[in-house]
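For reference, the chains in residue letters:
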Amino acid sequence: MELLKERIIEAGSVVSDQVVKLDAILNHQVDPALIVEMGKEFARRFVESAPTKILTIESSGIPLAFAVANELGVPFVFARRKKSVTMDENMYCERVPSFTKGIVTDIMVSSQYITSNDRILIIDDIIANGDAARGLIRIVERSGAVLTGVGIAVEKAFQAGGRSIREQGIRTESLVTITSLENGTIHFADC
């Protein structure tokens, strides 16, 4: 997606050869016009799989999942990282490491919001090692729902996350693929 590439070049910065900072458009401040266009693109790519719900993880995935859900006319659900007092005891819970935060957290989704009748499309902002995506996939599997695919805004192809999800036979679509961050430069895959 050329628009996303342009915005990454304009607003992104390379922190190390493993980390790109996209706080100005995806992770801290959100560019609404860009998010809407990304939502349209994911909807176009996944409409034929007929998802009934979009699933993401808090917090960076929420704006993008909302945009996709809005475009497809379906609800979206986000996995919480902390249990609230109002959260139902019947939930799916998975432990997932966070690459950028360097910690392990629990992610939780109420069983009330994902059931075996659902067709789930997972949407997230960035995939590095794929731990968050695998945690969400396990939640979908435990619920008995059908996983229709995984949509990722930015895939870091030099890390194993996207590849490991595809190796499971799961349809995985990335809007932009970064092949390298070496020497402080963002290199994109030609696609």
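In this text, all values refer to a predicted model and were calculated from it rather than measured experimentally.

(A) Structural view of helix 5 (residues 131-143). End to end, helix 5 covers 19 Å across 13 residues, agreeing with the expected 18 Å (1.5 Å per residue, within 8%). Every buried residue belonging to helix 5 is among Ala133, Gly135, Leu136, Ile137, Ile139, Val140 and Ser143, and all of these are buried. A positive backbone phi angle near 85° is found at Gly144, which sits one or two residues after helix 5.

(B) Main features of the packing of helix 1 (residues 2-11) against helix 3 (residues 32-46). Across the interface, helix 1 lies against helix 3 with an axial gap of 10 Å and an inter-helix angle of 150°. For the pair helix 1 and helix 3, the crossing hand works out as left-handed. Taken together, the residues of helix 3 that come into contact with helix 1 (itself represented by Leu3, Leu4 and Arg7) are Leu34, Glu37 and Met38. Within the contact of helix 1 with helix 3, the residues separate by chemical class into four nonpolar, no polar and two charged.

(C) Spotlight on unusual backbone geometry. Put simply, Glu58 and Ser59 share a cis peptide bond, and its omega is 5°. Residue placement: Ser59 occurs in the loop between strand 3 (53-57) and helix 4 (62-72). Despite not being glycine, Ala50 has its phi angle at roughly 50°, a positive value. Its location among the elements puts Ala50 in the loop between helix 3 and strand 3. The residue Asn183 is not glycine, and still its phi comes out positive at about 60°. With respect to the helices and strands, the residue Asn183 is situated in the loop between strand 9 (172-180) and strand 10 (187-188).

About the criteria used
- Residues numbered from 1 in each chain as written.
- Predicted model: local features only at pLDDT ≥ 70, side-chain atom pairs only at ≥ 80, totals over all residues.
- Heavy atoms only, no water.
- Helix = DSSP H or I, 4+ residues; strand = E, 2+ residues; numbered from the N terminus.
- Expected span 1.5 Å × (residues − 1).
- Buried < 20%, exposed > 50% of the residue type's maximum accessible area, 1.4 Å probe, protein only.
- Axes fitted to C-alpha atoms, helices over the stretch in contact; angles between N-to-C directions.
- Left-handed = near helix turned anticlockwise from the far one by under 90°.
- Contact = heavy atoms within 4.5 Å.
- Nonpolar A, V, L, I, M, F, W, Y, C, P; charged D, E, K, R; others polar.

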